[in-house]
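Structural description and commentary
Residue strings, one per chain:
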Amino acid sequence: SEDFMDTVKFLCLKALKIDNNSVDALVQLTDYYQSTGRNALALENLQKAITISPNSFAANLAFGKGNPILYYDPVRSIRCLRKSLKLDPLSVWTPDVYNALAFQYLSICDYDKSLLYSNRVLELEQTTIAASQAYWCLVVSHNRLRNGDKCIELAEKWNKIDSSQALYHMAEAYCYLK
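Please read these numbers as outputs of a predicted model, since none were measured by experiment.

1. Here's the deal with the overall build of the protein chain
From N to C terminus, the protein chain includes 11 helices and zero strands. Along the protein chain, helices (α) and strands (β) appear in the sequence α-α-α-α-α-α-α-α-α-α-α when read from the amino end. Viewed in the frame of its principal axes, the protein chain has a C-alpha envelope of about 60 × 35 × 25 Å. Considering only contacts within the protein chain whose residues lie at least 6 apart along the sequence, 47% involve residues at least 24 apart. Across the protein chain, 19 positive and 19 negative side-chain charges occur, with their mean positions spaced 5 Å apart.

2. A look at the packing of helix H7 (residues 94–107) against helix H8 (residues 111–124)
For the pair H7 and H8, interaxial distance at closest approach is 7 Å and the crossing angle is 160°. Considering their axes alone, H7 and H8 lie roughly antiparallel with respect to each other. With respect to the hand of their crossing, H7 and H8 are arranged in left-handed fashion. Listed contacts from H8 to Thr 94, Pro 95, Tyr 98, Asn 99, Leu 101, Ala 102, Tyr 105 and Leu 106 of H7 are Tyr 111, Lys 113, Ser 114, Tyr 117, Ser 118, Arg 120, Val 121 and Leu 124.

3. Section: the nonpolar core
Among the nonpolar cores identified, the biggest contains 33 residues, and Val 97 and Leu 101 are the most heavily contacted of them. Among the elements of the structure, helix H4 (57–65), helix H6 (74–87), H7, H8, helix H9 (129–144), helix H10 (148–161) and helix H11 (163–177) are those that each provide at least two residues to this core. With residues near it in sequence (within four places) discarded, Leu 101 still touches Ile 78, Leu 81, Arg 82, Leu 85 and Tyr 117. Leu 26, Leu 43, Leu 46 and Ile 50 belong to the second largest nonpolar core, which has 21 residues in total.

4. Comments concerning the environment of Ala 131
Turning to its location among the elements, Ala 131 is positioned in helix H9. Residue class for Ala 131 comes out buried when judged on its relative accessible area of 0%. Taking the C-alpha atoms as reference points, Ala 131 and Val 121, separated by 10 residues in sequence, lie 6.3 Å from one another.

Conventions used here
- Residues numbered from 1 in each chain as written.
- Predicted model: local features only at pLDDT ≥ 70, side-chain atom pairs only at ≥ 80, totals over all residues.
- Heavy atoms only, no water.
- Helix = DSSP H or I, 4+ residues; strand = E, 2+ residues; numbered from the N terminus.
- Contact = heavy atoms within 4.5 Å.
- Lys, Arg positive; Asp, Glu negative; His and termini not counted.
- Charge placed at Lys NZ, Arg CZ, Asp CG, Glu CD.
- Axes fitted to C-alpha atoms, helices over the stretch in contact; angles between N-to-C directions.
- Parallel < 35°, antiparallel > 145°, perpendicular 65-115°, else oblique.
- Left-handed = near helix turned anticlockwise from the far one by under 90°.
- Core = buried A, V, L, I, M, F, W, Y, C linked by side-chain atoms within 4.5 Å.
- Buried < 20%, exposed > 50% of the residue type's maximum accessible area, 1.4 Å probe, protein only.

Written out as structure tokens, the structure reads:
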């Protein structure tokens, strides 16, 4: 809600008054600016956070995930995401990092690496939102590789946890098989 977002902004700005180098506050403020459509301010805060603390897990993750909205440099995004994995290789955010990597590799048509990271998500989680995102990447990658049968097989598994897009992608793969 708008009140919640205003509270986030207020608390972040208050934290930055206390410590103008608060990476956590800058990253949260980035989320606020992105959600309110002020992408230039979001990128400015994110760049400041990564400059202040280049080894911040949160800043590297946010920079890697923010790519399609804030700027287009998939190589830098991948570098930041891989760094976040090195900083914290197994956390509650690991599936999120893997999904972001899979998406970045999909964006540059490196389907093998996209498949690799999507499958890593499914090794960790099978029925969560992260798993659904991983299935999306797997299905799209296999569709682009013209692996229709594999695409349909994965879409059927995906449909068991989230049918919002699985059926569409299954139908698309079926069309490619014909």
